[in-house]
Amino acid sequence: MAVGQKTIRVVIGKVGCDIHERGALILARAFRDAGMEVIYLGRYQTAEAVAKTAVDEDASVIALSDHTGSMRYIAKETVDALKKFGGSDIPVIAGGLIPKKDLPYLEKLGVTGNYGPGTPLETVVNHIREVTEIDWPKGEVPG
Amino acid sequence: MAGKAEEKNNCEVVYDRSLGGMVRDETQGFIPLKVFYTPEDIRDVEYNRDLSDPGCFPFTRGIYPQMYRDRLWIKSFIVSYSTPEETNEAFKEYLASGQTGLRLLADLPIQTGLDPDHPSSWNAMLCGGISSYALETYERMLDGLPLENVDYELAHMGMSSFLSFYSYLVAMMENRGLDISTLRGASINDPFRSKIVYGCPDFPTEIDRRICLDLIEFSVRNTPKWKAYAPNGVDPEQSGMTAVQEAAHVLAVATAVYTDMINERKISLDEIGPTVFSMDAESDFFETLCMFRATRRMWAKIAKEKLGAKTARAQSLRIGIRTSGLSLQTQKPLNNAARVSLQILSCVLGGVNSLDASAIDEAIGLPSKEARLFNLDTQHIITHEANVPLVADPLGGSYYVEWLTNKIEEEANQILRTIEENGGMWACLESGWLRQQIDSSRTRVQTEINEGKRLIVGVNAFQGEEGPINKAIENCAYRVPSKKLRLKTIADIRRLRAARDPNRVDATIVELYNATKEGRNIVRATIEAAKAGVTVGETVGVIRMAYGYGYDPLNQIGAPVFIKNLLGGN
């Protein structure tokens, strides 16, 4: 069964010590309002825990949130952990305060969206619908 | 969408007469407003009872008789870059530019109570501040700066930070042979904020509450010019509360902690002196300044009638401000200069006592130095060119301002009654009621933004194009620290641990453990441990172990072998 035909299940991940939670909470609600299932693990998570949850819960997509400027590290760890747990087919999207210079790196890693503050919620919701309908390719990026 | 003229083919622009018209008839915090106010709206106001002159109960118009003529507000802001050396250099530059308070912060792992070599530290290490894992980092950060008679402020999130960094300041003074009673400044030290805003995992609430009281008690006895407790409304409001909710929240938090202080530690409000609240300055100009006026008046009454404060000093409320970081936008960041300037002006008109203004590039990254200096200059311009602070409470007596001040007090009192009905603040924290208040307001705001009932310039209205000035601001924000710098920090803490005197470390750790376990005040033990080079993560772990919890707040690592050997357990 194609992923797009069942209810979209989103794991929202905040990895490390970033405390800025407002964006993650607002998106969690927007995703639910759009008919998606949301698993939000809260703050202070490890990338491995986020990836493992996504695999165990058969998630359609992982949405990473970070406001410390460290998304490149968090995304790489998450993608690596997904590989480790056999979840490389799960697309990863990201948002928060992401330095512009990190965008090419994230795209190459296969992490899409990479939205900043003020992005209309429907843009993010539509993006999730898009990435969960296709087999999103992930490029190899050296550490 | 409002603010965007509809474009037809061939560049023919349809003229929209309503472009730029008002879309709201309520304040930012949902208070409905009339078109104008009259004497009828404030006919119950009695000058002596409700307003009174500045410096007189209930301090609605300000807490000092001469207000800003005698003492301007303290100009401070958080300065914390990735390294102690960089932060030190910035402090010196800002002090030379007229900054009068040094607001200290640390990176996020340290504020969570984790040392830099903890597995969860890597991602956020050196982000938002220095990794102040031990006393030696403070010595480097404050090298060549005076410790006496400068206002230091601690603005961290976890209660472990307030304990550790107050201890570092005292330890530095003692090591330099200075009189610690000259230490000045304030510490947020608010156990409610640590939990409802940050969910900070360093300690459970029972330990948070004890540390808060220990710090107030130690400070009253040893550093009387230090305000060891500054209950915080800034971050709850930034997380979603309205102005009215913020006022009620911060008043309830202060009442809860001081009630415990009076009952358990037998320290009166008169011994503590003026109370400091850290409050938020949001974009709604009049609502913000009326919130300050209402909160001062409400605190004066609570302090006098509920907490038994006899002196005017103990009934008066100092308000320290952090302007809203949430109001700042990444789109067209030059507009943030207008937002911050208006917020600063509402603070000054509202009679606040210290001001930490957000920087215009703060939504993009850590503030750059030039953006910080712009903050200071804005305050200098308001003072010296606009002459705003010459007259105290210049809007006092305005029909609208007095009505709105009364309205905020009335609605905040309603919330205070609900808190009482729900068993008081500690019960409201544990039950999740406080968190629900934040969540429901935040959702309401977000719904209004989505529906275009709340316009944010450059974001959901008046988007426009960014030109070279905006682009330059985007390129100036401070960059996140490199991998190399993070690795160096881990090497530094390992080097420190290896270089310490093990006997002194062991002795101070055992004393900290025993003091915690036996219910003695733990501040002195923390100071001595700091002098021995004990780290933040170790301090947190030892205190947790004394309560029977595991060493690591995140349960990812065990206690170091030497601590296991000293104390037993995990």
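Residues numbered from 1 in each chain as written. Chains lettered and ligands numbered in written order. Predicted model: local features only at pLDDT ≥ 70, side-chain atom pairs only at ≥ 80, totals over all residues. Heavy atoms only, no water.

### Examining the overall build of chain B
Let me state the cut-off plainly: Only DSSP runs of H or I reaching four residues or more are called helices, and only runs of E reaching two or more are called strands; each is numbered from the N terminus. Radius of gyration means the value over C-alpha atoms here, while the globule rule gives 2.2 Å times the residue count to the 0.38 power. We call a residue buried when its accessible area falls under 20% of the maximum for its residue type, exposed when it is over 50%, and partly exposed in between, using a 1.4 Å probe and counting protein chains only. Note on contacts: a residue pair is in contact if any heavy atoms of the two residues lie within 4.5 Å. Methods summary: accessible areas were calculated by the Shrake-Rupley approach with a probe of 1.4 Å, and residue burial reflects only the protein chains presented. In this tally, Asp and Glu contribute negative charge and Lys and Arg positive charge; neither His nor the terminal groups of the chain are included. In plain terms, the charge of a residue is placed at NZ if it is Lys, CZ if Arg, CG if Asp and CD if Glu.
Counting secondary structure elements, chain B contains 23 helices and 8 strands. Taken over C-alpha atoms, the radius of gyration comes to 24 Å for chain B, in line with the 25 Å a tight globule of 570 residues would show. Taking the principal axes of its C-alpha atoms as reference, chain B extends roughly 80 × 65 × 45 Å. Relative to its 570 residues, chain B shows a buried fraction of 59%. Long-range contacts, defined here as pairs at least 24 residues apart, represent 75% of the contacts in chain B between residues at least 6 apart. Counting every atom, chain B has about 22200 Å² of accessible surface; 52% of that belongs to carbon and sulfur. Positive and negative charge centroids in chain B, built from 63 and 74 side chains respectively, lie 2 Å apart.

### Description of the confidence of the model for chain B
Put simply, the rule is: Here pLDDT means the predictor's own confidence in every residue, given as a number from 0 to 100.
Taken over all residues, the pLDDT of chain B has a mean of 93, while the share at 70 or more is 96%. This stretch, residues 1–9 of chain B, has a pLDDT under 50; its non-local contacts, to residues over four places away or in other chains, come to 18 contacts.

### Details of the pattern of salt bridges
Opposite charge on two side chains lets them pair, provided their charged atoms get close. All names here are of chain B. Our working definition: Every case where a carboxyl oxygen of Asp or Glu lies within 4 Å of a side-chain nitrogen of Lys or Arg is listed as a salt bridge.
Evaluated as defined, the whole model comprises 57 salt bridges over all chains. Between D235 and R193 there is a salt bridge, with the nearest N and O atoms lying 2.6 Å from each other. In this pair, D235 is assigned in helix α8 (residues 234–239) and R193 in helix α6 (residues 191–196), connecting sequence segments 42 residues apart. For R297, the salt bridge identified is with E409, shortest N-O distance 2.8 Å. Taken together, the residues span a long stretch of sequence, with R297 in helix α11 (residues 285–306) and E409 in helix α15 (residues 399–421) at a distance of 112 residues. The pair R297 / E409 is uniform in exposure class, with both members buried.

### Remarks on the sheet that holds strand β3 (residues 151–154) of chain B
All names here are of chain B. Here is the rule: A pair of strands is considered paired only if DSSP assigns at least 2 bridges between the two.
One open sheet holds the 8 strands; their spatial order is β5-β4-β3-β2-β1-β8-β7-β6, and the pairing between them is parallel. Of all strands in the sheet, those with a lone pairing partner are β5 (226–227) and β6 (275–281), marking the two edges. For strand β1 (residues 74–78) and strand β2 (residues 101–104), the ladder comprises 3 bridges, and the chain directions are parallel. By the bridge assignment, F77 is partnered in β2 with L102.

### Description of the domain arrangement of chain B
Residue and element names in this part refer to chain B. Which entries qualify depends on this criterion: Residue ranges assigned to the domains are those given by an automatic or database domain assignment. As a working definition, buried area equals the accessible area (1.4 Å probe) given up by two parts on being put together, with both sides summed. Pairs of N or O atoms are called polar contacts if they sit within 3.5 Å, as long as, within protein, a hydrogen donor faces a hydrogen acceptor (for residues adjacent in sequence, only side-chain-to-side-chain pairs).
Taken domain by domain, chain B holds domain 1 (39–476) and domain 2 (483–567). One C-alpha centre belongs to domain 1, the other to domain 2; they are set 30 Å apart. Across the boundary between the two partners, domain 1 contributes 48 residues, which contact 40 residues of domain 2. Taken over both partners, the interface formed by domain 1 and domain 2 buries close to 3600 Å², and the fraction arising from carbon and sulfur atoms is 65%. Across the domain 1-domain 2 interface, the total number found is 5 salt bridges. With a shortest N-O distance of 2.6 Å, K531 and E174 are connected by a salt bridge. Viewed at the interface, domain 2 and domain 1 are joined by 20 residue pairs in polar contact (both at pLDDT 80 or more). With 11 residues, the single largest contributor to the side of domain 1 that touches domain 2 is helix α5 (residues 159–175).

### Some thoughts on the interface of chain B and chain A
What counts, and what does not: For this scheme, ten residues count as nonpolar: Ala, Val, Leu, Ile, Met, Phe, Trp, Tyr, Cys and Pro. Four count as charged, namely Asp, Glu, Lys and Arg, and the remainder, Gly too, count as polar.
Contacts between chain B and chain A engage 40 residues on the former and 26 residues on the latter. Together chain B and chain A conceal approximately 2500 Å² of surface at their shared face, both sides included; 57% is due to carbon and sulfur atoms. Broken down residue by residue, the surface that chain B buries against chain A is led by N123(B), R442(B) and V480(B), which jointly contribute 23%. Where chain B meets chain A, there are 2 salt bridges. Where E21(A) meets R435(B), a salt bridge forms, and the shortest distance between an N and an O atom there is 3.6 Å. The element contributing the most residues to the side of chain B that touches chain A is helix α17 (residues 433–450) of chain B, with 6 residues. When the residues that make up the side of chain B that touches chain A are grouped by side-chain class, the tally is 19 nonpolar, 14 polar and 7 charged.

### Digging into the nonpolar core
Test applied: The term nonpolar core refers to a set of buried residues drawn from Ala, Val, Leu, Ile, Met, Phe, Trp, Tyr and Cys, joined through side-chain atoms within 4.5 Å.
Residues Y138(B), L142(B), Y152(B) and W299(B) are the most contacted members of the largest nonpolar core, which totals 161 residues. Broken down by element, this core gets its largest block of residues, 13 residues, from helix α9 (residues 243–265) of chain B. Residues lining this core come from more than one domain, with at least three contributed by each of domain 1 (39–476) and domain 2 (483–567) of chain B. Beyond its immediate stretch of four places on either side in the chain, Y152(B) contacts L102(B), L104(B), L142(B), L145(B), P146(B), L147(B), L169(B), R184(B), G185(B), A186(B) and W226(B). Grouped together as the second largest cluster of nonpolar side chains are 23 residues, A47(A), A51(A), I74(A) and A81(A) included.

### A few points about the confidence of the model for chain A
Averaged over every residue, the pLDDT of chain A is 88; the share at 70 or more is 90%. Long-range and interchain partners of residues 139–143 of chain A, a stretch whose pLDDT sits below 50, account for 10 contacts in this model, where long-range means more than four residues apart.

### Observations regarding the sheet that holds strand β1 (residues 9–13) of chain A
Residues and elements named next belong to chain A. Filter applied, for reference: Orientation is described by lines fitted to C-alpha atoms, with helices fitted over the stretch in contact, and by angles between N-to-C directions that extend from 0 to 180 degrees.
Taken together, 5 strands build an open sheet; the order of strands is β2-β1-β3-β4-β5 and the sheet is parallel. What marks the edges here is a single partner per strand, and that holds for β2 (37–40) and β5 (111–115). Each strand axis lies, on average, 20° off the axis of its neighbour in the sheet, ignoring direction.

### Focus on the packing of aromatic side chains
All names here are of chain B. Selection criterion: The pairing test for Phe, Tyr and Trp rings, Trp by its six-membered ring, is centres within 6.5 Å, and the orientation test on the planes gives stacked under 30 degrees, edge-to-face over 60, and tilted for anything in between.
Summed over the entire model, instances satisfying the criterion amount to 17 aromatic pairs over all chains. Plain terms: the ring middles of Y138 and F165 are 5.3 Å apart, the flat faces sit at 10° to each other, and that makes the pair stacked. In this pair, Y138 sits in helix α4 (residues 135–141) while F165 sits in helix α5, placing the two residues 27 residues apart along the sequence. Take Y138: its relative accessible area is 0%, and that puts it in the buried class. Cluster of aromatic residues (ring-pair linked, three or more members): Y37, F285, F286, Y400 and W403.

### Overview of helix α20 (residues 502–517) of chain B
The periodicity of an α-helix, 3.6 residues per turn, causes residues three or four positions apart to be oriented the same way. Residue and element names in this part refer to chain B. Heads up, the rule is: To estimate the expected span of a helix, count its residues, drop one, and scale the result by 1.5 Å. Read the arc as the range of directions from the helix axis to the C-beta atoms.
For α20, which comprises 16 residues, the first-to-last C-alpha distance of 22 Å matches the rise-based estimate of 22 Å (1.5 Å per residue) to within 8%. Here α20 has its buried residues at V505, T508, I509, L512, Y513, A515 and T516. All buried residues of α20 project into a common sector of 165° when viewed along the axis, lining one side. For α20, exposure combined with an orientation more than 90 degrees from the buried face picks out N503 and K517. On its buried face, α20 sits against α7 (205–222), α21 (523–531), α22 (536–546) and α23 (561–567). Looking at where α20 begins, the residue whose side-chain oxygen comes 3.0 Å from the main-chain nitrogen of N503 is D501. Note on α20: the residue one or two positions beyond its end, G519, has a positive phi of about 75°.

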